[in-house]
Amino acid sequence: MKMMFNVFSKKLFGAKYERLTRTMLIYLIVFWGLYISNFQVRIAPFILYLMVSTFTAGVMWQALSSEDNAVNMQNMVMLPFERRKFVFSYVAAMGIYTLLTKTAALLAVLLAVSVWNWIGLLGSILCAVNAILMVAAIFSLKRYWYVGVFWFAAVFAAIFWSWDKPWFILSILANSILAFLVLRNADGYTFYLQEHKGSLAARGHKHHSVWIYFYRYLKSHKNYFLNTVIMWCAACALPLFFRQMDRLFAIPLGLAVLSLNTPVCILLSCDHALERAVRFLPGQKKTFCIPYCFFIFLCNITADMFFLCSWQMQIGGVAIETIAAAVFFAMQSAVFSVLLEWFYPVRGWKIESDLWHHPRKYVVPVVMLLLAEVVWNIIGGRI
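Residues numbered from 1 in each chain as written. Predicted model: local features only at pLDDT ≥ 70, side-chain atom pairs only at ≥ 80, totals over all residues. Heavy atoms only, no water.

Notes on the overall build of the protein chain
1) Next: From N to C terminus, the protein chain includes 17 helices and zero strands.
2) Next: In the protein chain, buried positions account for 45% of the 383 residues.
3) Next: Within the protein chain, contacts between residues at least 6 apart in sequence are counted, and of these 83% link residues at least 24 apart.
4) Next: For the protein chain, the exposed surface amounts to about 20300 Å²; the carbon and sulfur share of it is 71%. (Helix = DSSP H or I, 4+ residues; strand = E, 2+ residues; numbered from the N terminus. Buried < 20%, exposed > 50% of the residue type's maximum accessible area, 1.4 Å probe, protein only. Contact = heavy atoms within 4.5 Å. Areas by Shrake-Rupley, 256 points an atom, 1.4 Å probe, with all protein chains shown as cover.)

Some points on the packing of aromatic side chains
1) Next: Following the criterion strictly, the structure yields nine aromatic pairs and no others.
2) Next: Geometrically, the ring pair formed by W61 and F139 is edge-to-face, given 5.1 Å between the ring centres and 70° between the ring planes. Note that W61 is positioned in helix 3 (residues 45–65) and F139 in helix 6 (residues 118–140), a separation of 78 residues in sequence.
3) Next: For F139, a relative accessible area of 2% puts it in the buried group. (Phe/Tyr/Trp six-rings, centres within 6.5 Å; stacked < 30°, edge-to-face > 60°.)

Side note on the environment of A179
1) Next: Inspection of the secondary structure assignment puts A179 in helix 8 (residues 168–184).
2) Next: Once the C-alpha coordinates of A179 and I138 are considered, the two residues, 41 residues apart in sequence, prove to be 8.3 Å apart.

Observations concerning the packing of helix 6 against helix 7 (residues 145–162)
1) Next: The N-to-C vectors of helix 6 and helix 7 enclose an angle of 165°; their axes lie 10 Å apart at closest approach. Considered as vectors, helix 6 and helix 7 are oriented roughly antiparallel to each other. Our pair here, helix 6 against helix 7, has a crossing hand that is right-handed. Residue-level contacts link C127, N130, M134, V135, A137 and I138 of helix 6 to G148, W151, F152, V155 and I159 of helix 7.
2) Next: For the contact of helix 6 with helix 7, a count of residues per class yields nine nonpolar, two polar and no charged. (Axes fitted to C-alpha atoms, helices over the stretch in contact; angles between N-to-C directions. Parallel < 35°, antiparallel > 145°, perpendicular 65-115°, else oblique. Left-handed = near helix turned anticlockwise from the far one by under 90°. Nonpolar A, V, L, I, M, F, W, Y, C, P; charged D, E, K, R; others polar.)

Some details on the packing of helix 5 (residues 83–113) against helix 6
1) Next: Direction vectors running N to C along helix 5 and helix 6 enclose 145°, while the axes themselves pass 10 Å from each other. As helix 5 runs across helix 6, the sense of the crossing is right-handed. The segment helix 5 lies against helix 6, with V91, G95, T98, L99, T103, L107 and L111 engaging L121, S124, A128, I132 and A136.
2) Next: Of the residues that constitute the contact of helix 5 with helix 6, the class distribution is eight nonpolar, four polar and no charged.

Things to note about helix 7
1) Next: Counted at 1.5 Å a residue, the expected span for helix 7 with its 18 residues is 26 Å, and the 26 Å between its end C-alpha atoms agrees.
2) Next: All of the buried residues along helix 7 are G148, W151, F152, V155, I159 and S162. One side of helix 7 carries all its buried residues, which in axial view fall inside an arc of 140°. Exposed side chains of helix 7 directed beyond 90 degrees from the buried face belong to F150 and W161.
3) Next: Check the buried side of helix 7 and you find it contacts helix 3, helix 6 and helix 8. (Expected span 1.5 Å × (residues − 1). Arc of directions from axis to C-beta.)

What about the environment of R247?
1) Next: Summarising the element assignment, R247 is placed in helix 11 (residues 247–257).
2) Next: Owing to a relative accessible area of 35%, R247 belongs among the partly exposed residues under this scheme.
3) Next: Sequence separation between R247 and I315 is 68 residues; the distance between their C-alpha atoms is 9.6 Å.
4) Next: R247 has contacts with P252, W311, G316, G317 and T322, leaving out every residue within four places of it along the chain.

Considerations on the side chain of N175
1) Next: By secondary structure assignment, the location of N175 is in helix 8.
2) Next: A relative accessible area of 12% places N175 in the buried class.
3) Next: A polar contact of 2.6 Å, which involves the side chain of N175, links it to the side chain of N130.
4) Next: When sequence neighbours within four positions are dropped, the list of residues in contact with N175 reads N130, M134, W151 and V155. (Polar contact = N/O pair within 3.5 Å; in protein donor to acceptor, adjacent residues only side chain to side chain.)

Some words on a nonpolar patch on the surface
1) Next: A cluster of nonpolar side chains, Y144, W145, Y146, V147, V149 and F150, forms an exposed patch at the surface whose accessible area comes to about 670 Å².
2) Next: By secondary structure assignment, the location of V147 is in helix 7.
3) Next: Residue class for V147 comes out partly exposed when judged on its relative accessible area of 36%. (Patch = residues over 30% accessible without salt bridge, like charges linked within 9 Å, V, L, I, M, F, W, Y side chains within 5 Å. Salt bridge = Lys/Arg side-chain N within 4 Å of Asp/Glu carboxyl O.)

So, the nonpolar core
1) Next: Counting 47 residues, the largest nonpolar core has F214, Y217, F288, Y292, F295 and F307 as the members making the most contacts within it.
2) Next: Elements with a contribution of two residues or more to this core: helix 9 (210–220), helix 10 (222–242), helix 11, helix 12 (267–270), helix 13 (272–280), helix 14 (284–314), helix 15 (320–343) and helix 17 (363–379).
3) Next: Counting residues per element, this core draws most heavily on helix 14, which supplies 13 residues.
4) Next: The contact partners of F295, leaving out residues within four places of it in the chain, are W211, F214, L218 and V264.
5) Next: M4, F8, M60 and A131 belong to the second-largest nonpolar core, a separate cluster that totals 41 residues. (Core = buried A, V, L, I, M, F, W, Y, C linked by side-chain atoms within 4.5 Å.)

Topic: the side chain of S140
1) Next: Secondary-structure assignment places S140 in helix 6.
2) Next: Within the structure, S140 has its side chain in polar contact with the backbone oxygen of A137 (distance 2.5 Å).
3) Next: Leave out the neighbours within four places in its chain, and S140 touches V182, L183, A186, T190 and F191.

Some details on the environment of V41
1) Next: Along the chain, the position of V41 falls in the loop between helix 2 (18–35) and helix 3.
2) Next: Once residues within four sequence positions are removed from consideration, V41 is found in contact with V113, S114 and V115.

Regarding the state of the cysteines
1) Next: Per the counting criterion, the structure on display carries zero disulfides.
2) Next: With no disulfide of its own, C265 lies 8.1 Å from the sulfur of C299, the closest cysteine sulfur.
3) Next: The exposure class assigned to C265 is buried, which follows from its relative accessible area of 10%. (Disulfide = S-S within 2.5 Å.)

Shown next as structure tokens:
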């Protein structure tokens, strides 16, 4: 079992686990920097538990669904293996990766800016471990997806309604044990994803089209399309959180936040074959980058229109100037995203989850937030 675990973990953390050491050092610096700033916010324990559980579950599912694991897993499943050792080695490696490289970042920020105690920290860690085991168990039961839906709903309801009860920790432990028992009977082959063959852009067409590639990209990555739909739902809910803010700043702020659509902004970083083709073939900078920019613009402007329509229905006051600002923000964020992908693609990632949570994803939203501040000051007559 140790040998299997080393095979999976060294792919994620490096041959000598140097990547894990570097990551933990960065998180320690982030925690200490935020802690000494004396910036404090009040976070209710059940909110902390829900955030940690949801975030960890999402990252773990992305890690298990990563197509980049297909080649590595293919070599493993070709060899004879003991089912339980294989399952627990793989889940342990992915779980440690999720907990120490992704959930640890969230906890470093939350614990640095909030008042917490050891019981809350223990509850957060248990919720994270529970989310890892539960997602792995549900992933092994993919054909019974409705079981996973009810399971998640029951756990979230338990966190929401019983987080302050003395038996809450015991209930989380019991749920983790249940997930562990499900994994004991899991088939190792359920974690193996078949690698997609062939080019997304060329299959079944005599003439290549960038738009056909975009269509096939979203069709073959349904979780990427789901993320875009979630962004549209978030756009409808944002006015509820911004209604107490100054409209001249709240609307540009919402437009900046909605530019954080990671999956559609990493096409070159996640597809090395596409990047090589685009950079190698003549004239591809214009042929690919212009449609790619327009594609991101369409995704952004759709979310922005949901946001503005929701704002108009709930608060009102959306004028033609506001719509023009939405078009401007959507286009600028699309241009910045394409420029980042062309000149600074993400290298050295291990699985797709690294791309989804790479710090570079925040560059464009931060730039747009600064631009929102400038727009607010200009319109308000402050500069």
